[in-house]
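# Observations on chain architecture
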Amino acid sequence: MKPRIVLLYTRDQNFDRVLTEALGGTRVVVLTARSVADALQIVCQRGSELDFAVMDFDGGCRGMTLLSAVHTCHQQLPILVTTSENAEHLNVIAHANGARVCLNKPIPAATFANAISDLSAPLGQLATA
């Protein structure tokens with residue numbers, strides 16, 4: 001079985017650890033981007049290989065621009081968004097721009113793991129959090 005390939009966009013290096021813990025030893029290759037430009041390069045080069053994306057929106061509106069661009073290019077790519085800033089407003093906008101799951105930080109590993117599992121489910125069959 002080939003590993004899943006995941007795009008992680010975050011400027012928070014501790015968030016890498018949270019994602020690794022949530023993935024719980026599953027076979028996953030995480031392609032980490034620390035800037036919108038790096039994330040777009042990954043999407044352009046490997047977008048069709050990606051199984052899902054995790055975007056951490058802490059740090060400004062650039063994440064929303066990235067979300068919109070990725071969703072425009074790869075509408076079927078499941079995207080999970082996290083934020084701790086103005087969470088309710090950002091969650092609504094993130095869903096409108098293609099995010100399948102939005103989580104407010106801090107995120108317990110079990111909640112994160114369940115949300116990641118939901119990304120693999122077909123649309124309309126997501127587990128409730």
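The paragraphs below set out a description of the structure included in this document. (Residues numbered from 1 in each chain as written. Predicted model: local features only at pLDDT ≥ 70, side-chain atom pairs only at ≥ 80, totals over all residues. Heavy atoms only, no water.)

Within the chain, the regular secondary structure consists of five helices and five strands. The helix and strand sequence of the chain, counted from the amino end, reads β-α-β-α-β-α-β-α-β-α. Among the 129 residues that make up the chain, the fraction classed as buried is 43%. About 6900 Å² of surface is accessible on the chain, with carbon and sulfur atoms providing 53% of the total. (Helix = DSSP H or I, 4+ residues; strand = E, 2+ residues; numbered from the N terminus. Buried < 20%, exposed > 50% of the residue type's maximum accessible area, 1.4 Å probe, protein only. Areas by Shrake-Rupley, 256 points an atom, 1.4 Å probe, with all protein chains shown as cover.)

Moving on to the environment of D51. Considering the arrangement of structural elements, one finds D51 in the loop between α2 (36-46) and β3 (52-56). Sequence-wise, D51 and L77 are 26 residues apart; in three dimensions their C-alpha atoms are separated by 6.8 Å. Non-local contacts of D51, meaning those with residues more than four positions away in its chain, are made with P3, R4, I5, L77 and P78. Only 2.7 Å separates the side chain of D51 from the backbone nitrogen of I5, close enough to count as a polar contact. (Contact = heavy atoms within 4.5 Å. Polar contact = N/O pair within 3.5 Å; in protein donor to acceptor, adjacent residues only side chain to side chain.)

Our focus in this paragraph is the packing of helix α1 (residues 13-23) against helix α5 (residues 109-120). To describe two helices that pack against each other, one gives the angle between their axes and the distance between the axes. Viewed as axis vectors pointing N to C, α1 and α5 meet at an angle of 70°, and their least axial separation amounts to 8 Å. As far as their axial angle goes, α5 and α1 are roughly perpendicular. For the pair α1 and α5, the sense of crossing is right-handed. Taking contact as the criterion, the partners of F15, V18, L19, E21, A22 and L23 in α1 are, on α5, A109, F112, A113 and I116. For the contact of α1 with α5, the residue count by class is nine nonpolar, no polar and one charged. (Axes fitted to C-alpha atoms, helices over the stretch in contact; angles between N-to-C directions. Parallel < 35°, antiparallel > 145°, perpendicular 65-115°, else oblique. Left-handed = near helix turned anticlockwise from the far one by under 90°. Nonpolar A, V, L, I, M, F, W, Y, C, P; charged D, E, K, R; others polar.)

On to the sheet that holds β3. Taking strand neighbours across the sheet as the criterion, the five strands line up as β2-β1-β3-β4-β5 in an open arrangement whose pairing is parallel. Of all the strands in the sheet, the pair left with one neighbour each is β2 (28-33) and β5 (101-104). In this sheet, neighbouring strand axes are inclined to one another by 20° on average, regardless of whether the strands run parallel or antiparallel. In the sheet, β3 pairs with strand β4 (residues 79-83) via four bridges, with the strands oriented parallel. When the sheet's bridge partners are listed, D56 is paired in β4 with T82. (Pairing = 2+ DSSP bridges.)

Scanning all chains against the criterion turns up five salt bridges. Three or more residues are tied together by salt bridges with common partners; here these are D12, D56 and K105. (Salt bridge = Lys/Arg side-chain N within 4 Å of Asp/Glu carboxyl O.)

Along β3, five of the five residues are buried, which leaves the element largely enclosed by surrounding structure. Burial of the side chains of β3 extends over both faces: F52, V54 and D56 are buried on one face and A53 and M55 on the other. Bridge analysis of strand β1 (residues 4-9) against β3 gives four bridges, and the strand direction is parallel. If you follow Y9 over to β3, its bridge partner there is M55.

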